[in-house]
Amino acid sequence: MASSHFDMNRKFVRVINTLPNGLVEFEFAIGDADVAVELIMPKAAFDEFCRDNHVEFTEAAPIERDAESADFSWNLQQATHQ
């Protein structure tokens, strides 16, 4: 559950996958780790992006168990590979 305090200074990254060609797929969020965009960058650019933005690394959110919540528990990377 998201905190009621939205802090624009907090930035979050959750790595989704590292591809064999060195590209890093990840989610990036500002202020609320639950509202993120999916990005992909070469490893060197990803490292610089994380350093410049002073990101906090997060883990995957727990899987929702009820069917209604599960309808909204997916990301673009998962949808692309189904």
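Computed from a predicted structure; not experimentally measured.

What counts and what doesn't
Residues numbered from 1 in each chain as written. Predicted model: local features only at pLDDT ≥ 70, side-chain atom pairs only at ≥ 80, totals over all residues. Heavy atoms only, no water. Core = buried A, V, L, I, M, F, W, Y, C linked by side-chain atoms within 4.5 Å. Buried < 20%, exposed > 50% of the residue type's maximum accessible area, 1.4 Å probe, protein only. Helix = DSSP H or I, 4+ residues; strand = E, 2+ residues; numbered from the N terminus. Contact = heavy atoms within 4.5 Å. Patch = residues over 30% accessible without salt bridge, like charges linked within 9 Å, V, L, I, M, F, W, Y side chains within 5 Å. Areas by Shrake-Rupley, 256 points an atom, 1.4 Å probe, with all protein chains shown as cover. Salt bridge = Lys/Arg side-chain N within 4 Å of Asp/Glu carboxyl O.

A. Fine view of the nonpolar core. Within the largest apolar cluster, 9 residues are counted, these being V13, V24, F26, F28, M41, F46, F49, C50 and V55. For this core, the secondary-structure elements that each account for two or more residues are β2 (23-30) and α1 (43-53). Discounting residues that sit within four places of it in the chain, F46 has contacts with V13, V15, V24, F26, M41 and F57.

B. Highlighting a nonpolar patch on the surface. Side chains of F6, M8 and I30 sit close together on the surface and give an oily, nonpolar patch of about 310 Å² of accessible area. With respect to the helices and strands, the residue I30 is situated in strand β2. Given a relative accessible area of 35%, I30 falls into the partly exposed group.

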